[in-house]
Amino acid sequence: MKKVFDVIIIGAGIIGLSTAYYLTKKGKKVLMLEKKEIGSGSSGACDDMILLQSKKPGILLQMALESFEMYKCLSEELNTDLEFQTRGGMILIENQEQLKIMEDFVRKQRSYGLDVELIDKRDVKKKQPLVNDRVIASTYSPIDSQVNPLRVMKGFYMKSIERGMEIDKPSSVTALKKLSNGYWEVVTDNNKCYHAEVVINAAGAWAAEVGKFAGVEIPIKPKKGQIAVTEQIPCVGETNIWDADYIVTKLDPVLAEKRDRILAELGIGLSFTQTLDGNYLIGGTREFVGFDTKTTYQGISNILSQVLKFFPVLRNVHIIRTFAGLRPASIDGKPFLGEVKDKEGFFIAAGHEGDGIALAPITGKIMAQMICGETLSLPVDELSPDRLKTHCKPS
Amino acid sequence: MDETKNFVCRCEEVTVEEIEEAIDNGATTLNEVKRWTRAGMGLCQGRTCRKNVARILSRKTGRKLEELMPSTYRKPVRPVRIGLFEEKKIRGTSNENMG
Ligand SMILES: Cc1cc2nc3c(=O)[nH]c(=O)nc-3n(C[C@H](O)[C@H](O)[C@H](O)COP(=O)(O)OP(=O)(O)OC[C@H]3O[C@@H](n4cnc5c(N)ncnc54)[C@H](O)[C@@H]3O)c2cc1C
């Protein structure tokens, strides 16, 4: 006999697991299918930031703010220490051009209720005494936070199992079929076959592949990010750090043109954040190189020279590990959340690119609300997979 | 002496008990144990504890050691000083993988 579930989730990354948690909370019978291991995708190979400042004002900033509120209570709810902490964040500014753009950006974010401001060189030095003199100003948000994604996944997973979720791993989905009784048939490479009314594609960077099984084109590509991890050291400064150099190129195409060729090619934007254990994570690259997850000398050495530019004091600190993950990058930079038109019961929750950790709680909650036909916590119409149609049209 | 309190991973101070607990909670591979406990994520990157963690997983799950996929090895092989990258920098000329 085939096993029948209310919902089958494809992909045990942070998005699939969060969705499983909120669905089992509502009493749904959930099956999780994972091709490799829990967290073997991007969610196990990334930074740990709930970065509010980098979000363009709009739905993603709203979702991040909502997730931030949710994370505050999740450690208790999941009975797992998620290592959630609010250390604040700064985006370092090196010249007047960057300053002008960041001023405007900060103004817009404030209008969405984000607690962020620009601070001058003197205040930068107070918060970051070891920073190089080249920094002329910085943004500062006291609420930029972080969380340990591995802990979050473990917490979601264990609570979902407690509430009756089943998991089959390693088990890769290889075919999807809509049956005449309205159910979806899901076939896996270990020769299992499952039925459910609802299937959720939470396969991250692999979402396009899974979409094909259902006859849906999903414009999501893997965008590789390399990171270097330092040994455990004392705090270098009060907050976590990013550089404006990369962020402004996303906001102003003219500056993007002028960017150093190699930094642009590798898509390097500095992130410099410390885990609770004391290791610093130094990132990162943004590369379209397929599903390759190797770290390269070129990538890592360029990341490290960015951090040395701002914090020469790190010269004598050791790198103990490097890794790379695949961000699920959607064509317009926004995730796809919702049911696919004309494919009743086939939902997508993928394409969070560099924000999946920050957006996981609210994504899971909204997906569960959609599937149970409830009012949504936030209107996410603009994230609907319906926009696929427009993107698929030949230009 | 209570052996479950012995450290398996000395860098991250992870005990036998913690490894066993992760397995009881559903970790079925060496990578999953690593991600859930941090065993093998410290300064030595699992050089000393990798085999011991594998033995515990094998004992608890009844699977043979050879059947367990080793957890991912991450470069660099030994800790490297950040300054060294700066001194050796080959900008853009080399796309080789790290050593
Ligand atoms: C270097 C780097 C730094 C980052 N930093 C941050 C940060 O600071 N803050 C933040 O919010 N986000 C960050 N991100 C982004 C974040 O990691 C992702 O957005 C998030 O992990 C995506 O989660 P996911 O569950 O959608 O995908 P994944 O974690 O990739 O999960 C997808 C899962 O689906 C499985 N799968 C694929 N195909 C199949 C199949 N056919 N059958 C069954 N299973 C399948 C895969 O094995 C995988 O486990 C970063 C990413 C990178 C790479």
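Counting from 1, residues in each chain are numbered in the order their sequence is written. Each chain takes a letter, starting from A, and each ligand takes a number, starting from 1, following the order in which they are written. Local features in a predicted model are, by the rule used here, given only for residues with pLDDT of at least 70; side-chain atom pairs are given and counted only at 80 or more, and totals for whole chains, interfaces and linings are based on all residues. To obtain the side-chain values, all non-hydrogen atoms of the structure were included, while hydrogens and water were left out.

**A few points about the packing of aromatic side chains**
All names here are of chain A.
Line of reasoning, step 1. Aromatic contacts are taken between Phe, Tyr and Trp rings whose centres are within 6.5 Å, Trp giving its six-membered ring; a plane angle under 30 degrees counts as stacked, one over 60 as edge-to-face, and the others as tilted. What the rule picks out here adds up to 12 aromatic pairs over all chains.
Line of reasoning, step 2. Taking 6.1 Å as the distance between ring centres and 45° as the angle between the ring planes, the aromatic pair formed by Phe 68 and Phe 84 counts as tilted. Linking Phe 68 in helix H2 (residues 59-78) with Phe 84 in the loop between H2 and strand S4 (85-86), this pair joins segments that are 16 residues apart in sequence.
Line of reasoning, step 3. Throughout this description, buried means an accessible area under 20% of the type-specific maximum (1.4 Å probe, protein chains only), exposed means over 50%, and partly exposed covers the range between. The exposure class of Phe 68 is buried, given its relative accessible area of 6%. Segments assigned H or I by DSSP are reported as helices when at least four residues long, segments assigned E as strands when at least two residues long, and all are numbered from the N terminus.

**Let's talk about the site of the ligand**
Residues and elements named next belong to chain A.
Line of reasoning, step 1. Taken together, 38 residues form the shell around the ligand, and within it Glu 34, Ser 42, Ser 43, Glu 353 and Ala 358 come nearest.
Line of reasoning, step 2. Here an oxygen atom of the ligand sits 2.5 Å away from a polar atom, N or O, in the side chain of Ser 43.
Line of reasoning, step 3. A distance of 2.7 Å separates an oxygen atom of the ligand from a polar atom in the backbone of Ala 358.
Line of reasoning, step 4. What sets the accessible areas is the Shrake-Rupley method with a 1.4 Å probe; for residues, cover comes only from the shown protein chains. Out of a free accessible area of 1000 Å², the ligand has 97% covered by protein chains.
Line of reasoning, step 5. Sorting the residues of the shell around the ligand by element identifies helix H1 (14-25), strand S13 (220-232), strand S17 (318-330) and helix H11 (356-371) as the ones contributing at least two each. A molecule or strand has a residue near it when one of that residue's heavy atoms lies within 4 Å. Side-chain atoms alone can form a polar contact between residues adjacent in sequence; in general such a contact is a pair of N or O atoms within 3.5 Å, and within protein one must be able to donate a hydrogen while the other accepts it.

**Observations concerning the pattern of salt bridges**
Line of reasoning, step 1. In the sections that follow, a salt bridge refers to a side-chain nitrogen of Lys or Arg positioned within 4 Å of a carboxyl oxygen of Asp or Glu. This structure, assessed with the given rule, holds 30 salt bridges over all chains.
Line of reasoning, step 2. One network of salt bridges, with partners in common, ties together Glu 94, Arg 134 and Lys 309 of chain A.

**Points about the side chain of Glu 185 of chain A**
Residue and element names in this part refer to chain A.
Line of reasoning, step 1. Relative to the elements of secondary structure, Glu 185 occurs in strand S11 (residues 184-188).
Line of reasoning, step 2. His is not counted here, nor are the chain ends, while Lys and Arg score as positive and Asp and Glu score as negative. Here Glu 185 occupies a buried position and makes no salt bridge, while the nearest side chain of opposite charge, Lys 177, is found at 4.3 Å.
Line of reasoning, step 3. A polar contact is formed between the side chain of Glu 185 and the side chain of His 195, at a distance of 3.0 Å.
Line of reasoning, step 4. Should any heavy atoms of two residues lie within 4.5 Å, those residues are considered in contact. Non-local contacts of Glu 185, meaning those with residues more than four positions away in its chain, are made with Lys 2, Ala 175, Leu 176, Lys 177, Leu 179, Cys 193, Tyr 194 and His 195.

**Digging into the sheet that holds strand S15 (residues 271-274) of chain A**
Line of reasoning, step 1. Strands pair, by our definition, only if DSSP identifies at least two bridges between them. On the basis of which strands lie adjacent, the open sheet formed by nine strands has the order S6(A)-S7(A)-S5(A)-S14(A)-S15(A)-S16(A)-S13(A)-S17(A)-S3(B) and mixed pairing. At either margin of the open sheet sits one strand with a lone partner, and together these are strand S6 (117-120) of chain A together with strand S3 (80-81) of chain B.
Line of reasoning, step 2. Pairing analysis gives four bridges linking strand S5 (residues 89-93) of chain A to strand S14 (residues 240-243) of chain A, with the strands arranged parallel. Among the inter-strand pairings, Ile 91 of chain A is bridged to a residue of S14 of chain A, identified as Trp 242 of chain A.
Line of reasoning, step 3. Those strands touched by helix H10 (residues 297-310) of chain A are S5, S13, S14, S15, strand S16 (279-283) and S17 of chain A, and its axis lies near 55° from that of S13 of chain A. Orientation is described by lines fitted to C-alpha atoms, with helices fitted over the stretch in contact, and by angles between N-to-C directions that extend from 0 to 180 degrees.

**Observations concerning unusual backbone geometry**
Residue and element names in this part refer to chain A.
Line of reasoning, step 1. Of note, the amide linkage connecting Lys 169 to Pro 170 takes the cis form, showing an omega dihedral of -10°.
Line of reasoning, step 2. Relative to the helices and strands, Pro 170 is located in the loop between strand S9 (166-168) and strand S10 (173-178).
Line of reasoning, step 3. In the segment running from Gly 283 into Gly 284, the intervening peptide bond is cis, with an omega of -20°.
Line of reasoning, step 4. Tracing the sequence through the fold places Gly 284 in the loop between S16 and H10.
Line of reasoning, step 5. Here Glu 83, not a glycine, exhibits a phi torsion of approximately 55°, which is positive.

**Considering the pairing of S14 of chain A**
Residues and elements named next belong to chain A.
Line of reasoning, step 1. The alternating pattern of S14 places Asn 240 and Trp 242 and Ile 241 and Asp 243 on opposite faces, both of which are buried.
Line of reasoning, step 2. Across two bridges, S14 lies against S15 in antiparallel orientation. Considered in S15, the bridge of Ile 241 is made with Phe 272.

**Considerations on the pairing of strand S1 (residues 3-10) of chain A**
All names here are of chain A.
Line of reasoning, step 1. Pairing geometry for S1 and strand S12 (residues 193-201), over seven bridges, is parallel. Paired with Phe 5 across the strands is Ala 196, a residue of S12.
Line of reasoning, step 2. Where S1 and strand S2 (residues 30-33) come together, four bridges link them in parallel fashion. Paired with Val 7 across the bridge in S2 is Val 30.

**Examining H10 of chain A**
Line of reasoning, step 1. Over its 14 residues, H10 of chain A runs 20 Å from end to end, which matches the ideal 20 Å to within 8%, given 1.5 Å per residue.
Line of reasoning, step 2. With respect to burial, H10 of chain A is a largely interior element, 14 of its 14 residues being buried. Expected helix span is given by 1.5 Å per residue-to-residue step, counting one fewer step than there are residues.

**Topic: the sheet that holds strand S8 (residues 145-146) of chain A**
All names here are of chain A.
Line of reasoning, step 1. The sheet built from three strands is open, its strands ordered S3-S8-S4 with antiparallel pairing. Bordering the open sheet on either side are strand S3 (49-50) and S4, each of which pairs with just one other strand.
Line of reasoning, step 2. Bridge count for S4 against S8 is two bridges, and the pairing is antiparallel. Each bridged residue has a counterpart across the sheet, and for Gln 85 the counterpart in S8 is Gln 146.

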